[in-house]
Amino acid sequence: MAQLEERHVRGWDVLRLSTDALSADIIPALGGTITSLTRRVDGAALLWSTPWGVRPRGASSLPGTSKAQMIDSLAGGWQTLFPNGGESAFIHGVDWGDDGEARVTWLDWEFTGSSLQMSGRLIRSPFEITKIVSMRDHEVTVGETVRNVGRERIETMWGSQLMLGGELLGPETIVDAAAAVVRPDPHISTAASYDDLMPWPRSHGADSMINLRLLPGPDTGETRLAYLSDFSQPLIRIGRPSHRLAVELEWDADVFPYVWYSMEAGGRGDFPWYRTGYFLSLTPCTSWPAHGVHDARHVSDSTVLIDPREVLTSYVTLRVEPRS
């Protein structure tokens, strides 16, 4: 059974959920973001944290674009993207913000003895969100429910973003996905279009074909962005043999038929990473591409319309293989 410990970090209430195998830090006031996940036997970190980590609660931010404001509040880790994903969308008379509002929504919480249950109400869209984090042995599951409490049908995107890093990533890390189709993103692969489909693990990189199964090292100056689909089963395994460390990612494929694959290996200069970013972000999602509701509608017709009083549920599970 999972144990819960309350801590205070930089003015935030941080809840540590743990078993004998794993430990996770969760901040309900940041949309229930899981800011860290650690294998307890050796302290191996599985999630990536931004260089500034969790900023002090109430810290001032400079004015700026929606993206800059999103980055200001980004701690890394595992977070919910809803009702928008990627670039901000102006819709229903308001700016929905980069990656949506759910990731910074204050959630009330209670611990049932087996799971952490959190819930709250978004402001810029008419949704209530419930998030349940359960931990058992070597496994963490995030279950989510969104409910339209308005009287209008709302067009949305919904995803669960895991920014993987720490000891899990290195140039010898292998990614095995049960996907059949890979779509490149022309914002990164400028010589390709969304229609240039390839079989997993091949994809178009910035200037050549790349193998998504093999990860670059942290100083290779590479950025990747692609969209995986047509899974034979909703499963991705990420393993680093040199560290005897591997995880399996499983999700609700009926709700999330796509996975965004984003790799940063020192490729992005200037704000925010200044060529220091090193993480693999995997996002099971309802929609693609990762550029906001309007692009998801026009490019792929993959947005999700949620009727008044309609309720949708999903889950994502991360399973850490026991150290051999």
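Cut-off values and rules
- Residues numbered from 1 in each chain as written.
- Predicted model: local features only at pLDDT ≥ 70, side-chain atom pairs only at ≥ 80, totals over all residues.
- Heavy atoms only, no water.
- Helix = DSSP H or I, 4+ residues; strand = E, 2+ residues; numbered from the N terminus.
- Buried < 20%, exposed > 50% of the residue type's maximum accessible area, 1.4 Å probe, protein only.
- Areas by Shrake-Rupley, 256 points an atom, 1.4 Å probe, with all protein chains shown as cover.
- Lys, Arg positive; Asp, Glu negative; His and termini not counted.
- Charge placed at Lys NZ, Arg CZ, Asp CG, Glu CD.
- Core = buried A, V, L, I, M, F, W, Y, C linked by side-chain atoms within 4.5 Å.
- Contact = heavy atoms within 4.5 Å.

The subject of this paragraph is the overall build of the protein chain. For the protein chain, the count of helices and strands is two helices and 26 strands. Projected onto its principal axes, the C-alpha positions of the protein chain cover 50 × 50 × 40 Å. For the protein chain, the proportion of its 324 residues judged to be buried stands at 54%. Total accessible area on the protein chain stands at roughly 13700 Å², and carbon and sulfur atoms take up 49% of it. Side-chain charges of the protein chain comprise 29 positive and 41 negative groups, with the mean position of each set lying 3 Å from the other.

Here the focus is the environment of M263. The topology assignment puts M263 in strand β23 (residues 258-265). Separated by 39 residues in sequence, M263 and R224 place their C-alpha atoms 4.8 Å apart.

Attention now moves to the nonpolar core. Core analysis: the largest hydrophobic core is formed by 79 residues, its most contacted members being L228 and I236. Here the element with the most residues in this core is β23; it accounts for six residues. Beyond its immediate chain neighbours, meaning those up to four positions away, L228 contacts A177, A179, V181, V182, W200, L212, I236, P257, Y258, V259 and Y261.

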